[in-house]
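As a plain string of letters, each chain reads:
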Amino acid sequence: MGLEHSKNERQRSMGFLRKGPKLPAWEDALLSGKEPKSLLKRGLRYVSLSLIMKGMTSTPDFLWGLPEVQKLNLSRNQLVAIPPSLGKLDRLVVLNLGGNCLKCLPKEIGLLRSLKVLFVNMNCLTEVPAELSLCRKLEVLSLSHNCVSQLPLSFADLSNLRKLNLSNNRFMQIPLCIFALRSLDFLHLGSNRLENIAESIQYLVNLQILIVENNNVRSLPRSLCFLTTLELLNVDYNAIQALPDDLYLLRRLPRIAWNPMDKGLHIAHNPLSRPLPEVIEGGLDVLFNYLREKKEHH
């Protein structure tokens, strides 16, 4: 009887151990008994950590004990949330959270005062925290392929932002705060629900690339023609019927472009009224001459 009781106790004990806390397979494989600091790569400029495609559903706790990290890549996992502990990594310069399942970002992201590059593309975001505008050194921001329909007004404070990708979201109009971002040289608003481009676009005086393809834009504002730094203007797949007469002022556009990567004017797949389709077939110089003469006659 005593032997039987002892055997049962031993089995219960073993069962308890089997059900105890266990490191996720990806975290166990990452560390393999090593110190977390051993995962860091020390380059000439940055201390970096890449945990791309590790099958993570949550961030590893050891991550928040590595404050020296400057470049962090957590892309292409299955992360559903980023904890407030993110704020501890206040030396981050580059943060890649793309290709996850994030529905929101923690407010503590505003503590990353050294952040210059942020990728949160291909997630499930419906909004962006106003605290992100505290990252005043931010230069590159990608929020593409999410479900965002508006931005906080405080985004106007991101005065160093140069490249902004808001494509494949749910914007019905260009957020007002964007027109305050005078350092922008790249703005991608393709595949949204835009019906117009506000006259305030003229304030983006350093803009070189503007992509508004695949929206419902019906006309281009005259003020767009004063962005003489534009080298690529893509308005393919919209509802544009006429072009502003002053478009010929955009002299840095080198050609009528057809390849998505080419600089120039992309104007294909619009219901342009005649004779514009025929004029465009002659090339950009022919189009600009036509618009200039049309304006002079008026």
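Preceding this section is the structure that the text describes.
Residues numbered from 1 in each chain as written. Predicted model: local features only at pLDDT ≥ 70, side-chain atom pairs only at ≥ 80, totals over all residues. Heavy atoms only, no water.

**A few points about the overall build of the protein chain**
Turning to step 1, where the next piece is worked out: Of the regular secondary structure elements, the protein chain holds 4 helices and 11 strands.
Turning to step 2, where the next piece is worked out: For the protein chain, the residues scored as buried account for 47% of the 298 residues in total.
Turning to step 3, where the next piece is worked out: Of the contacts formed within the protein chain by residues at least 6 apart in sequence, a portion of 32% connects residues at least 24 apart.
Turning to step 4, where the next piece is worked out: Counting every atom, the protein chain has about 15900 Å² of accessible surface; 52% of that belongs to carbon and sulfur. (Helix = DSSP H or I, 4+ residues; strand = E, 2+ residues; numbered from the N terminus. Buried < 20%, exposed > 50% of the residue type's maximum accessible area, 1.4 Å probe, protein only. Contact = heavy atoms within 4.5 Å. Areas by Shrake-Rupley, 256 points an atom, 1.4 Å probe, with all protein chains shown as cover.)

**Brief notes about the side chain of N270**
Turning to step 1, where the next piece is worked out: Counting through the fold element by element, N270 comes out in the loop between β11 (264–266) and α3 (276–281).
Turning to step 2, where the next piece is worked out: From its side chain, N270 meets the backbone oxygen of V235 in a polar contact 3.0 Å long.
Turning to step 3, where the next piece is worked out: Discounting residues that sit within four places of it in the chain, N270 has contacts with V235, D236, Y237, N238, A239 and I240. (Polar contact = N/O pair within 3.5 Å; in protein donor to acceptor, adjacent residues only side chain to side chain.)

**Remarks on the nonpolar core**
Turning to step 1, where the next piece is worked out: Grouped together as the largest cluster of nonpolar side chains are 84 residues, with contacts concentrated most on L151, I178 and L287.
Turning to step 2, where the next piece is worked out: Broken down by secondary-structure element, the contributors of at least two residues to this core are α2 (25–31), β2 (47–50), α3 and α4 (284–297).
Turning to step 3, where the next piece is worked out: When residues in this core are grouped by element, the largest group, 4 residues, is from α4.
Turning to step 4, where the next piece is worked out: Other than its neighbours up to four places away in sequence, L151 contacts V128, L143, L166, F171, P175, C177 and I178. (Core = buried A, V, L, I, M, F, W, Y, C linked by side-chain atoms within 4.5 Å.)

**Focus: the pairing of β2**
Turning to step 1, where the next piece is worked out: By the alternation rule, side chains of β2 split into V47 and L49, which are all buried, and S48 and S50, of which none is buried.
Turning to step 2, where the next piece is worked out: Alignment of strand β1 (residues 41–42) against β2, held across 2 bridges, turns out to be antiparallel. Within the sheet, the bridge partner assigned to R42 lies in β2 and is V47.
Turning to step 3, where the next piece is worked out: What sits between β1 and β2 in their antiparallel hairpin is a turn of 4 residues. (Pairing = 2+ DSSP bridges.)

**Let's talk about α4**
Turning to step 1, where the next piece is worked out: Its 14 residues give α4 an end-to-end C-alpha distance of 20 Å, which sits within 8% of 20 Å, the value for a rise of 1.5 Å per residue.
Turning to step 2, where the next piece is worked out: Within α4 the residues assigned to the buried category are L284, L287, F288 and L291. Buried residues of α4, viewed axially, fall in a sector of 95°; they line one side. Looking at α4, the residues exposed on the side facing more than 90 degrees away from the buried face are D285, E296 and H297.
Turning to step 3, where the next piece is worked out: Elements in contact with the buried residues of α4: β11 and α3. (Expected span 1.5 Å × (residues − 1). Arc of directions from axis to C-beta.)

**Some remarks on unusual backbone geometry**
Turning to step 1, where the next piece is worked out: For the bond from R274 to P275, the omega torsion is 10°, close enough to zero to count as cis.
Turning to step 2, where the next piece is worked out: Here P275 lies in the loop between β11 and α3.
Turning to step 3, where the next piece is worked out: Phi is positive for H145, close to 55°, though the residue is something other than glycine.
Turning to step 4, where the next piece is worked out: Unlike most non-glycine residues, N168 shows phi in positive territory, near 55°.
Turning to step 5, where the next piece is worked out: The topology assignment puts N168 in the loop between β7 (163–165) and β8 (186–188).

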